[in-house]
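Now for the letters of each chain:
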Amino acid sequence: MDGHTRPPRLREQLRGVMRTQRYSLRTEKTYWYWIRYFIRFHGMRHPPTPSRIFL
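The structure reproduced in this document is the subject of the present report.

Definitions and limits used
- Numbering of residues starts from 1 in each chain and follows the order in which that chain's sequence is written.
- Totals for whole chains, interfaces and linings use all residues, but because this is a predicted model, local features are given only for residues with pLDDT of at least 70 and pairs of side-chain atoms are given and counted only at 80 or more.
- Side-chain calculation: all heavy atoms of the structure are included, whereas hydrogens and water are not.
- Comment: elements are numbered from the N terminus, with helices defined as DSSP H or I runs of at least four residues and strands as E runs of at least two.
- By the convention used here, residues are in contact when the closest approach between their heavy atoms is within 4.5 Å.
- Classification of ring pairs uses Phe, Tyr and Trp, with its six-membered ring standing for Trp, and accepts pairs whose centres are within 6.5 Å; under 30 degrees between planes counts as stacked, over 60 as edge-to-face, and the remaining range as tilted.
- Relative accessibility thresholds used throughout: buried, under 20% of the residue-type maximum; exposed, over 50%; partly exposed, between the two (1.4 Å probe, protein chains only).

## Concerning the side chain of E28
Along the chain, the position of E28 falls in helix α2 (residues 25–41). Not counting the four nearest positions on each side in its chain, E28 is found in contact with L14, R15, M18 and R19.

## Focus on the packing of aromatic side chains
Two measures describe an aromatic ring pair: the distance that separates the ring centres and the angle between the ring planes. A complete count under the given rule lists three aromatic pairs for this structure. Geometrically, the ring pair formed by Y33 and W34 is edge-to-face, given 5.2 Å between the ring centres and 80 degrees between the ring planes. On the accessibility criterion, Y33 (47% relative accessible area) is partly exposed. Taken together, a centroid distance of 5.6 Å and an interplanar angle of 80 degrees make the contact between W34 and Y37 edge-to-face. With W34 and Y37 both in helix α2 and three residues apart, this pair spans about one turn of that helix. On the basis of relative accessible area, Y37 is assigned to the partly exposed category, the value being 46%. Taken together through their ring pairs, the aromatic side chains of Y33, W34 and Y37 make up a single cluster.

None of the figures reported here should be taken as evidence of function without further support.
Structural data, given as structure tokens:
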């Protein structure tokens, strides 16, 4: 190992929150579907990147 750890990816973050809150697997899959749709709709920009649309 090189000692560098990557921050968790968006999917891993979602899974962690959903499992902690005890959401069902089907709900987790549905949320992930809509998150992917939203990101693709807005041009594949990284979620933390603000744009004029959201400001």
